[in-house]
Structures are given as structure tokens and as C-alpha cells.
Amino acid sequence: MWRRVASLSSFISSSNSSFLAQAACRLNIWESLTTGIAQQAKGVIVPKEKTPFITFVLGGPGSGKGTQCIKIVETFGFRHLSAGDLLRREIASNSADGAMILNTIKEGKIVPSEVTVKLIQKEMELSENHKFLIDGFPRTEENRIAFEQIIGVEPNVVLFFDCPEEEMVKRVLNRNQGRVDDNLETIRKRLKVFEALNLPVINYYSQRGKLYKINAIGTVDEIFEQVHPVFRAFEQVVG
Ligand SMILES: Nc1ncnc2c1ncn2[C@@H]1O[C@H](COP(=O)(O)OP(=O)(O)O)[C@@H](O)[C@H]1O
Ligand SMILES: Nc1ccn([C@H]2C[C@H](O)[C@@H](COP(=O)(O)OP(=O)(O)O)O2)c(=O)n1
Ligand SMILES: [Mg+2]
């Protein structure tokens, strides 16, 4: 696990004082003091640390983000971190923020960025995998900036599942996962929030040349046919 944390340091700017940056520096020093000596003694060449590869997965509610993430994991071996799932886990565990998160989700609003970013950060630090699919995040400019400030990294790829509103409504109402937000009233609110707060994030990444827009209409396999080449193109870089 420490190797994974240490590897994030290569993506973090030197001026960044985030927890990850500090941990990475400490662990790099620790590594050179301990394993380095042990490996030298054994005559083993220590492999270079892997650089984290981060994909943000965006799209409106019901656009098929989670469904496609399952296929990306199966094919390309990413670690899937769904912001919504992490928040629902907080509600289920009766954590201090649980009631606030539940009310926010019922209202179709966005949970304060610090809460969500901390949950993502914890999972990234615990992960042995350096390839991350961060699903349903960032949903606002505030989310995006908080991630950059707290984690200190930018995504390599941003996928955007582009889906007409009425199709999203239909899918969410048929989702059948017992979610408190899968009702017509909340979905209508969520669509407004998506347009007002998430589209600016999507435009931001489009301007930075990181956005891959996927037509989210079609069968799950047809959509994955568009997703597949995006990751194929990065395979050499991802490792
Ligand atoms: N291409 C598709 N065509 C029809 N239904 C789909 C498709 N992709 C996903 N679904 C279904 O739509 C619902 C929402 O999909 P999901 O992956 O949960 O979307 P999101 O994570 O973007 O909200 C689920 O019930 C899922 O099975
Ligand atoms: N970055 C995020 C992601 C989700 N949330 C909250 C608000 C969202 O309406 C709910 C559900 O998110 P989730 O990604 O699971 O929803 P969909 O899969 O798009 O239907 O969680 C949040 O506040 N901030
Ligand atoms: Mg989802």
C-alpha cells in the first residue's frame, strides 16, 4: 500500500502541501532508507514506481456511467471509485455526516466537496492499483478545484456520457436499486443541477483537450465500443 501512496508523488507539484504529497515524500524517504538498502543487499533491481492514471467519468444521472465503469474494470483493470457509492456507504454506516449526505442526495443537491474528496482520497491511498476510474466526480467546479487542491493531481482522461434527458429519466426510473433519489421529483432537480453545475466542468476539460465525448444511446456493448479505443490509446502510458 505504501508503494501506491509513494507513487502519487510524481504527479504532485512541489509546492503542494496536501496530505498525499507529504505522505509520499515521507514514504519515499522511508523507502530509500529501508527497502533500498535491503534490495541492494540482495542484488535486486527495484522497479520504478508507477505513476497514477486518473479518469473522471462524467454524465447526467442515468447516462450509464456505472454500467460502463464495470466493463472498463473488466477489460482494463482499473480501480472503480464511485463518488455516489462512497457517499451512500457513509449514510449506511451512520457516520457523523450520514444524515447531511442523505438529505442532500434526496434533494438532488451536491454534498460539500471536502466530504466527497476526503472519501475518494482515503480509497486512493488504500489502493494497490494505480489506475483509477472516478465515477460521478467532479460534479461542480467546486468539486474539481477541491480535488486539485487536496489530492494535488489532475485527471489524464475525462469521459463524458452524452445522453438525452428523457432517456436518462427513463433509465433512472427503471433502475430498481432502491435508491432514495430514483424518483421523478429528485431526478428533475438533478437534471437542473447537472446542467447548471456539471456542464461547466465538462466544458473546462473540453478546453483542456482531455474530454472524450461518448454517445450514450445504444446497447451497453455498442457504447463500450466507443469507450474501448480511448483506453487502448493510453495502454502504453497507463502501464
Ligand atoms: N446503454 C444502456 N441502455 C439501456 N439501459 C442502460 C444502458 N446503460 C445502462 N442502463 C441502465 O440504466 C440505468 C442507469 O445506469 P447507470 O449505469 O446506473 O447510470 P449512471 O451511473 O450514469 O447513473 C441502470 O438501470 C442500467 O442498467
Ligand atoms: N461528486 C458527487 C457525486 C455524487 N453526489 C451525490 C449527489 C448525487 O445526486 C448522488 C448520487 O450520485 P451518483 O453518482 O451515484 O448518481 P448517478 O449514478 O449519476 O445516478 O450523490 C455528490 O454530492 N457529489
Ligand atoms: Mg452511477
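Residues numbered from 1 in each chain as written. Chains lettered and ligands numbered in written order. Predicted model: local features only at pLDDT ≥ 70, side-chain atom pairs only at ≥ 80, totals over all residues. Heavy atoms only, no water.

### Details of the pairing of strand β4 (residues 157–162)
Of all 6 residues that make up β4, 5 are buried, and the element is covered over most of its length. Sheet topology places β4 next to strand β5 (residues 211–215); 5 bridges connect them, and they run parallel. Note that in β5 the partner of Leu-159 across the bridge is Tyr-212. (Buried < 20%, exposed > 50% of the residue type's maximum accessible area, 1.4 Å probe, protein only. Helix = DSSP H or I, 4+ residues; strand = E, 2+ residues; numbered from the N terminus. Pairing = 2+ DSSP bridges.)

### Description of the environment of Pro-155
Residue position: Pro-155 is located in the loop between α8 (141–150) and β4. In this structure the C-alpha to C-alpha distance between Pro-155 and Val-193, which are 38 residues apart in sequence, comes to 22 Å. With residues up to four places along the chain from it excluded, the contact list for Pro-155 reads Ile-54, Phe-56, Tyr-205 and Lys-210. (Contact = heavy atoms within 4.5 Å.)

### Points about the packing of helix α5 (residues 83–92) against helix α7 (residues 113–126)
Put simply, α5 and α7 touch, their axes get as near as 10 Å, and they point 100 degrees apart. In this view, α5 runs roughly perpendicular relative to α7, as classed from their interaxial angle. On α7, the residues touching Ala-83, Leu-86, Leu-87, Arg-89 and Glu-90 of α5 are Val-115, Thr-116, Leu-119, Ile-120 and Glu-123. Looking at the contact of α5 with α7 residue by residue, the class counts come to 6 nonpolar, 1 polar and 3 charged. (Axes fitted to C-alpha atoms, helices over the stretch in contact; angles between N-to-C directions. Parallel < 35°, antiparallel > 145°, perpendicular 65-115°, else oblique. Nonpolar A, V, L, I, M, F, W, Y, C, P; charged D, E, K, R; others polar.)

### A look at the side chain of Arg-190
For Arg-190, the position within the fold is in helix α10 (residues 184–207). With residues near it in sequence (within four places) discarded, Arg-190 still touches Pro-61, Gly-108, Arg-139, Arg-175, Arg-179 and Asp-181.

### Observations regarding the site of ligand 1
What surrounds ligand 1 is a group of 14 residues, the closest being Gly-62, Lys-65, Thr-67, Arg-175 and Gly-218. In this structure, Gly-64 approaches ligand 1 through a main-chain N or O atom, which is 3.0 Å from an oxygen atom. One of the side-chain N or O atoms of Arg-175 is found 2.8 Å from an oxygen atom in ligand 1. In isolation ligand 1 offers 560 Å² of accessible surface; the protein chains occlude 74% of this area. Secondary structure elements with two or more residues in the shell around ligand 1: α4 (65–76) and α11 (220–238). The element contributing the most residues to the shell around ligand 1 is α4, with 3 residues. Here the residues of the shell around ligand 1 sort into 3 nonpolar, 8 polar and 3 charged. (Near = heavy atom within 4 Å. Polar contact = N/O pair within 3.5 Å; in protein donor to acceptor, adjacent residues only side chain to side chain. Areas by Shrake-Rupley, 256 points an atom, 1.4 Å probe, with all protein chains shown as cover.)

### Describing the pattern of salt bridges
Counted according to the given criterion, the structure contains 19 salt bridges. Ionic pairing is found between Arg-188 and Glu-166, a salt bridge with its closest N-O pair at 3.6 Å. Of this pair, Arg-188 sits in helix α10 while Glu-166 sits in helix α9 (residues 165–173); the two residues are 22 residues apart in sequence, bridging distant segments of the chain. Take Arg-188: its relative accessible area is 35%, and that puts it in the partly exposed class. Where Asp-182 meets Arg-175, a salt bridge forms, and the shortest distance between an N and an O atom there is 2.9 Å. Taking relative accessible area as the criterion, Arg-175 reaches 24% and is therefore assigned partly exposed. Each of Arg-79, Arg-89 and Glu-123 takes part in one network of salt bridges that share partners. (Salt bridge = Lys/Arg side-chain N within 4 Å of Asp/Glu carboxyl O.)

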